[in-house]
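Structural characterization, general
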Amino acid sequence: GQQLNQSPQSMFIQEGEDVSMNCTSSSIFNTWLWYKQDPGEGPVLLIALYKAGELTSNGRLTAQFGITRKDSFLNISASIPSDVGIYFCAGAGGGNKLTFGTGTQLKVEL
Amino acid sequence: ETGVTQTPRHLVMGMTNKKSLKCEQHLGHNAMYWYKQSAKKPLELMFVYSLEERVENNSVPSRFSPECPNSSHLFLHLHTLQPEDSALYLCASSQDGSGDDSYNEQFFGPGTRLTVL
């Protein structure tokens, strides 16, 4: 089946630093998504990417849909304590079926 | 608040118990999903209901039995579970997009943390 490899598995950074994480797949996806999950909550959509090569921003977040349609990255600039959480990438191949990555746990040191 | 609620938030059950998880969405969506989230593993899709019909069963053991009585409610009935079934069970809803190439955003509930003793 389809697999998404997400890295790094965890990051421990200083407040104010920029963060970068990425996701690669053995299969092509039509849509790439980035979610954040806070403790005790379900994942919340941060950014959706619909077109190969697309670069999209949402505040301090920037994500890109790789040109091969098999990868995506998420950058967070000037991290703040509330950025703590688990970030998931997900790919959609058609319809609403999602394949999720294993997640990147982000911890921010003040 | 995402418009998707789940109850209970926490559940501890023995292997011989029968319990049910409930999900309700207030978003006017017509597709609902059950996911399983285990530590260090990706979210696993279990079931998909579209227009109240089950359209996906991702090789889930029969000890998990879903029910979708209407487009706003989804249940997961649990029976004779195993300790390895302990996980966070997440419900999500969206507009149906099973026939499209485009993606319709899924909104997740907060999950039910299940522990099987």
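Below, the structure is looked at part by part. (Residues numbered from 1 in each chain as written. Chains lettered and ligands numbered in written order. Predicted model: local features only at pLDDT ≥ 70, side-chain atom pairs only at ≥ 80, totals over all residues. Heavy atoms only, no water.)

Side note on the layout of surface pockets
- Counted as a void, the largest pocket has a volume near 660 Å³.
- In this structure, the largest pocket is lined by 27 residues; those nearest its centre are Ile86 and Gln105 of chain A together with Gln37, Ala39 and Lys40 of chain B.
- No other element matches the 3 residues that strand 9 (residues 85-92) of chain A contributes to the lining of the largest pocket.
- Split into classes, the residues belonging to the lining of the largest pocket amount to 7 nonpolar, 14 polar and 6 charged. (1 Å grid on protein atoms, 1.4 Å probe; cavity = no way out; pocket = protein on both sides within 12 Å on 5 of 7 lines; lining within 4 Å. Points joined across faces, edges and corners; volume = space filled by probe spheres on them. Helix = DSSP H or I, 4+ residues; strand = E, 2+ residues; numbered from the N terminus. Nonpolar A, V, L, I, M, F, W, Y, C, P; charged D, E, K, R; others polar.)

A few points about the interface of chain B and chain A
- Opposite the 26 residues of chain B that make contact, chain A presents 21 residues.
- Between chain B and chain A the total buried area reaches about 1700 Å² when both faces are included, carbon and sulfur atoms providing 54% of it.
- Its largest share of buried area at the contact with chain A, chain B owes to Leu43, Tyr103 and Phe108 of chain B, together 33% of the area lost on that side.
- Taken together, the links from chain B to chain A amount to 3 residue pairs in polar contact (both at pLDDT 80 or more).
- Elements that contribute at least two residues to the side of chain B that touches chain A include exactly strand 4 (31-37) and strand 9 (87-94) of chain B.
- Split by residue class, the side of chain B that touches chain A holds 10 nonpolar, 10 polar and 6 charged. (Contact = heavy atoms within 4.5 Å. Buried area = accessible area lost by both parts, 1.4 Å probe. Polar contact = N/O pair within 3.5 Å; in protein donor to acceptor, adjacent residues only side chain to side chain.)

Looking at the sheet that holds strand 3 (residues 18-25) of chain B
All names here are of chain B.
- If you walk across this open sheet you meet the 4 strands as 1-3-8-7, and the pairing is antiparallel. Across the chains shown, the open sheet's two edge strands, defined by having one partner strand only, are strand 1 (4-7) and strand 7 (64-70). Taking the axes of each pair of neighbouring strands and ignoring which way they run, one obtains an average angle of 20° across the sheet.
- With 5 bridges connecting them, strand 7 and strand 8 (residues 73-79) associate as antiparallel partners. Across the sheet, residue Ser65 finds its bridge partner in strand 8, namely His77. (Pairing = 2+ DSSP bridges. Axes fitted to C-alpha atoms, helices over the stretch in contact; angles between N-to-C directions.)

Topic: the state of the cysteines
Residues and elements named next belong to chain A.
- On inspection of all chains with the given rule, the structure shows 2 disulfides over all chains.
- Across the disulfide from Cys23 sits Cys89; the S-S distance is 1.7 Å. Of the two residues, Cys23 is situated in strand 3 (residues 19-25) and Cys89 in strand 9; the sequence distance between them amounts to 66 residues.
- Residue Cys23 is classed as buried on the basis of its relative accessible area, which comes to 0%. (Disulfide = S-S within 2.5 Å. Buried < 20%, exposed > 50% of the residue type's maximum accessible area, 1.4 Å probe, protein only.)

That's the geometry; what it means functionally is another story.
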